[in-house]
Structure formats: structure tokens, C-alpha cells
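These are the residues of each chain, in order.
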Amino acid sequence: MNENRYSRQILFAPIGVAGQERLRNSRVAIVGMGALGTVLSNHLVRAGVGFVRFIDRDFVEPSNLQRQMLYDEEDARQHLPKAIAAYEKLSKINSDVALEPIVADVTAFHAEKYLSDVDLILDATDNFQVRYLINDVAVKHNIPWIYGGAVSATGTYTAIRPGETPCLRCLFPEAPKPGTTATCDTAGVIGPIIHVVASYQATEAFKILLQATNAYNPHLEHFDLWNNTHQQIKVLKAKRPDCPTCGQRQFEFLETSPDDELATALCGRDTVQLSPREAITLDLSQLAKRLAPLGTVEQNRFLLRFYIDPYTLVIFPDGRVLVQNTDDIATARSLFAKFIGN
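Cut-off values and rules
- Residues numbered from 1 in each chain as written.
- Predicted model: local features only at pLDDT ≥ 70, side-chain atom pairs only at ≥ 80, totals over all residues.
- Heavy atoms only, no water.
- Helix = DSSP H or I, 4+ residues; strand = E, 2+ residues; numbered from the N terminus.
- Rg over C-alpha atoms; globule rule 2.2 N^0.38 Å.
- Buried < 20%, exposed > 50% of the residue type's maximum accessible area, 1.4 Å probe, protein only.
- Contact = heavy atoms within 4.5 Å.
- Areas by Shrake-Rupley, 256 points an atom, 1.4 Å probe, with all protein chains shown as cover.
- Lys, Arg positive; Asp, Glu negative; His and termini not counted.
- Charge placed at Lys NZ, Arg CZ, Asp CG, Glu CD.
- Pairing = 2+ DSSP bridges.
- Axes fitted to C-alpha atoms, helices over the stretch in contact; angles between N-to-C directions.
- Salt bridge = Lys/Arg side-chain N within 4 Å of Asp/Glu carboxyl O.
- Polar contact = N/O pair within 3.5 Å; in protein donor to acceptor, adjacent residues only side chain to side chain.
- Domains from an automatic or database assignment.
- Buried area = accessible area lost by both parts, 1.4 Å probe.
- Nonpolar A, V, L, I, M, F, W, Y, C, P; charged D, E, K, R; others polar.

Undergrad: Got a minute to help me understand the overall build of the protein chain in this structure?
TA: Within the protein chain one finds twelve helices and 14 strands. Relative to the globule expectation of 20 Å for 342 residues, the C-alpha radius of gyration of the protein chain, 20 Å, shows essentially globular dimensions. With respect to the three principal axes, the spread of C-alpha positions in the protein chain is 65 × 50 × 40 Å. Burial status across the protein chain gives 52% buried among its 342 residues. Put simply, of all contacts in the protein chain between residues at least 6 apart along the chain, 65% involve residues at least 24 apart. For the protein chain, the computed accessible surface area is about 16000 Å², with 50% contributed by carbon and sulfur atoms. Of note, the protein chain has its 34 positive side-chain charges centred 4 Å away from the centre of its 39 negative side-chain charges.

Rendered as C-alpha cells:
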């Protein structure tokens, strides 16, 4: 271990040399490499957390650059997957850390594969369905995780430690109905709230990895930077014996069947995501040649974009497709079948 690199962190009494070694031996997964994920990964990699896996299904767009701090205009021009762009940046920041970028969606088919072999899971997503998946994996495998969210100038976070604190289903028995809550695409978001929430998440992550039990935060924290408010909500007593997840240990979000819906309209994005049930590998170069006579094609190492007015199909090697400019699942499936095949 390069103690000089982490010297100022080691001087912080709750960490010290032994704590730095503990961080070096820790494994963390970050779900989502948008705004919160870029700040979280930056903190963890610079702090010397030994293994960081980051998972994201999306690619860099110009509208991301205002708040997603790892990315630049060239990443957006190349339509780089966020996990890859983050890897390229972070690998230059700390070569002591093992990084594993995964360009994928976290679904019931894959969640345990990606999340069950780490010491801590960090939530940097923007939807509750994925958070319930994280919660199921975390409770099932007794892995702590840290929930976080930010929109407009407000943000929330809490640490969930299975067996000790309420789980997400205790606090939110049901996900908010679509259209009933603000999103970054409807209410906007300012960069500073991202850093506030993610920095609190990262600090709590250090405490958990260091097993600094006397410093654990037992609250759900809510911030409104614009209106200068900060609320601490006591949640320990919210733990419910009848909770389906942590009380009855029913992991329904991890359950799959052949009839499961693998098409999802992404909230606020005017985009439908189609995912294969089983792992496949597409030859993007061959597909590009086949599609070129039918519309405009752009390709890089990680994805192919096919423009067929008024739609854009973003195709990944694992068979996942984003159909942009529609929120109609039937239309998306029709375009997939027409241009890519079943």
C-alpha cells in the first residue's frame, strides 16, 4: 500500500493505517453511473477502496455534462457507455484500485450475479424498481447498502443494514406511481445537490467498510439546498416484522418466470428498453452492414445507433436495445422485430 498517497486520509483518526488497509481489501458495487454514481465512484477510487464495480445501462449524452462530473464532450460525441467512460477516467486516477465496468441493466435475471459478491452496494439509480431489486439482494445476502436520490434541489439518503435497520420495503412498501413524483427530466436538477447527497453516501460507505459502528447514521436525511432546509427523520422504529422482504424473507423482485416483461418504458426519457431473457452476443459490425441501406448508422466499440426517422435504436452487444422517441412498448417491439429480428 502506498501510504504517502493516502497520507492525509490516514491522518484522519477514525481511519489510520489499519483503516486504510481495510478499505484496500473492500469490494463495492455502484448501481448507476449517472450523477450520483460519478461522484460516488470518484470518492471511492481516490480513497483507495480496493475493488469497485460500476454498472450502468446508458451512454453519455450532452445533457449529462451539467451534473455528471466524470464525463466530457468527447464522451458524448462518441456516445460512450457511461460505465466505459467512467472506467477510462477512473483508471487514470488510481491504478491501485481494481475497476470492473459493466454495461448492462440490473434486472431480476442478473441482480444477484452483479451484486451478491461485494461488501457494500451503493444506489445511484433513478427508479424504485431497481432499488427494490438491490434491497432483495442485500437482505437475502446480508449486504449493507445505501439508498440515495436527488432531483431539483432536493435529495435524500439512508443506510440500510440488513438485520439492524428497516429495509427499503419497510420504509416504502410500494413504489411511487409513475407520474406522481418529480424526476430530473421533469423538474430538472442542479449539480450541488448531487454532490451533497453522494458525499453523504460516500461518507457512510466509509463508516460501514471500516465497521465504525459508533458513527453509523440511523436516520433518513433529506436536504433542500434552495430553501435551506435539512431534515433528519428517525427510521429505526419503522422496521416491520410483517415486511415481505426483511420480515418474511420473500424476495419477490428477484423472482422470474418465462412471462416476465422485459420491455420497460424509461421514465421521462421517451425511450423503451428491450432486454433479452438470456445472454447473447450481437456482431455489431455485421448488423451495421445490414442496416446501412435502411437508415443512418453510427457505431463505436460498445454500441450501434440506427436512425430511422423518427426513431433511434441504440443497440448493445448483449442484445439490449433502447428505442428512442417512443414510450409505446408495442411500437418498440415492432421496430425491434422489423430491423433486428426476434
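Undergrad: Looking at this structure, how should I read the sheet that holds strand β12 (residues 304–308)?
TA: The strands that make up a sheet pair up through hydrogen bonds in the backbone, lying either parallel or antiparallel. The sheet built from six strands is open, its strands ordered β9-β10-β14-β13-β12-β11 with antiparallel pairing. Each end of this open sheet is capped by a strand with a single partner; those strands are β9 (263–266) and β11 (296–299). Taken over all neighbouring pairs, the strand axes of this sheet differ in orientation by 20° on average, direction set aside. The sheet contact formed by β9 and strand β10 (residues 271–274) spans four bridges and is antiparallel. Opposite T264, over in β10, you have Q273 as the bridge partner.

Undergrad: Explain the side chain of R320 to me, please; I cannot follow it from the model alone.
TA: With respect to the helices and strands, the residue R320 is situated in the loop between β13 (311–315) and β14 (321–324). Lacking a salt bridge, the buried R320 has D318 as its closest oppositely charged neighbour, with an N-O distance of 4.2 Å. At 2.7 Å, the side chain of R320 forms a polar contact with the backbone oxygen of R57. With sequence-adjacent residues up to four places away left out, R320 is seen in contact with R57, V103, A104, D105, Q273, L274, S275, P276, V314 and I315.

Undergrad: So what exactly am I meant to see when it comes to the pattern of salt bridges here?
TA: Oppositely charged side chains are able to pair whenever their charged atoms sit close together. Going through the model one piece at a time under the given rule, you end up with 15 salt bridges. Among the charged side chains, a salt-bridge network with shared partners connects R27, R53, E100 and D117.

Undergrad: Honestly, the sheet that holds strand β7 (residues 219–224) in this entry has me stumped. Any pointers?
TA: Across the sheet, eight strands lie side by side as β3-β2-β1-β4-β5-β6-β7-β8; this open sheet has mixed pairing. This sheet does not close on itself; its edge strands, each paired only once, are β3 (98–103) and β8 (229–234). Each strand of the sheet is rotated relative to its neighbour by a mean of 15°, with strand direction disregarded. Strands in contact with helix α10 (residues 191–210) are β1 (27–31), β4 (120–123), β5 (145–151), β6 (154–160), β7 and β8; relative to β5, the strand with the most contacts, it is inclined by about 175°.

Undergrad: Could you clarify how one ought to interpret the domain arrangement of the protein chain in this entry?
TA: Note on interface size: it is often stated as the accessible area lost on association of the parts. Structurally, the protein chain comprises domain 1 (6–234) and domain 2 (262–340). Computed from C-alpha coordinates alone, the two centres of domain 1 and domain 2 are separated by 28 Å. Facing the 16 residues of domain 1 at the interface are 20 residues of domain 2. Summed over both partners, the interface of domain 1 with domain 2 comes to about 1500 Å²; 55% of that surface belongs to carbon and sulfur atoms. Ranking the residues of domain 1 by area buried against domain 2 places R57, F59 and H79 at the top, with a combined share of 34%. For the pair domain 1 and domain 2, the number of links is one salt bridge. As a salt-bridge pair, R301 and E88 come within 3.2 Å of each other at their nearest N and O atoms. Counting every contact that joins domain 1 to domain 2 gives six residue pairs in polar contact (both at pLDDT 80 or more). For the side of domain 1 that touches domain 2, the class distribution of residues is seven nonpolar, three polar and six charged.

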